[in-house]
Amino acid sequence: CGGLGYIDMKIALYGIPDSGKLRLWLPFEGPSHDHHEHGQSADRNAKHWFDDLIICEANEKRDAEACKLDQDMDIVVGGVPIPSIHPVKGAGEYLKRTTCVNVGVPKDAVVTTLGNVRTTEGRPLSAEDKKKFGGDDGSLGLVVDIAAKSKVTRSHGACCLSHIVWEQH
């Protein structure tokens, strides 16, 4: 997303409804903090750990009918469906097309430890998959599920995800 200052590595994921759900686990990478009241529910509330979530598509010429991130995706953050996705104006644009959206972190979203993350089919992650995250089973993160809506087609332009940016505190 050029204007946001991130290097475009030309790596992107493309999806249509037949692709199924993409599940991401975004690790909390900040230091442990104790500036909030820590109770069982406070420790699981995603807003306690994460402030915001931005998703961007690749900077490429796309057809007007191509998937629009703010309209053509179903997104669930921390177990809570996102009813409204907002375009990022100005910095997140390429060829007059909005390329980034603010998904946010719902107030009822929860974090998940790496040891409790499941695949989209409900299976626990393998030890090899967990190793890719570099954390242990107790590491906290935010599960994000993304799926293209039924009207998205390959011929008009699949949904494209190239950058996922999360803010934590």
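Residues numbered from 1 in each chain as written. Predicted model: local features only at pLDDT ≥ 70, side-chain atom pairs only at ≥ 80, totals over all residues. Heavy atoms only, no water.

1. Thoughts on the state of the cysteines
Applying the stated rule across the entire model yields 2 disulfides. With a sulfur-sulfur separation of 2.0 Å, Cys67 is cross-linked through a disulfide to Cys159. The S-S bond linking Cys67 to Cys159 shows a torsion near 80°; that makes this disulfide right-handed. Remark: Cys159 occurs in strand 12 (residues 159-161) and Cys67 occurs in the loop between strand 3 (50-56) and strand 4 (73-77); sequence separation between them is 92 residues. (Disulfide = S-S within 2.5 Å. Helix = DSSP H or I, 4+ residues; strand = E, 2+ residues; numbered from the N terminus.)

2. What about the packing of aromatic side chains?
If you walk through the whole model with that rule in mind, you get 3 aromatic pairs. Between Phe28 and Trp49 the ring centres are 5.0 Å apart and the planes differ by 70°, which places this aromatic pair in the edge-to-face class. Pair noted here: Phe28 is in the loop between strand 2 (22-27) and helix 1 (40-44) and Trp49 is in the loop between helix 1 and strand 3, with a separation of 21 residues, a long-range link. A network of ring pairs unites the aromatic residues Phe28, Trp49 and Phe50 as a single cluster. (Phe/Tyr/Trp six-rings, centres within 6.5 Å; stacked < 30°, edge-to-face > 60°.)

3. Some details on the nonpolar core
Note on soluble globular proteins: their nonpolar side chains tend to be buried together. The biggest cluster of nonpolar side chains holds 30 residues, and the ones touching the most others in it are Met73, Ile75, Val77, Val103, Leu142, Val144 and Ile146. Of all elements in the fold, only strand 2, strand 3, strand 4, strand 11 (140-148) and strand 12 reach the threshold of two or more residues within this core. Discounting residues that sit within four places of it in the chain, Val144 has contacts with Leu22, Arg23, Leu24, Leu26, Leu53, Ile75, Val76 and Val77. In this structure, Trp25, Leu114, Leu125 and Val143 belong to the second largest nonpolar core, which totals 5 residues. (Core = buried A, V, L, I, M, F, W, Y, C linked by side-chain atoms within 4.5 Å. Buried < 20%, exposed > 50% of the residue type's maximum accessible area, 1.4 Å probe, protein only. Contact = heavy atoms within 4.5 Å.)

Everything listed here is a matter of geometry and, on its own, says nothing about what the molecule does.
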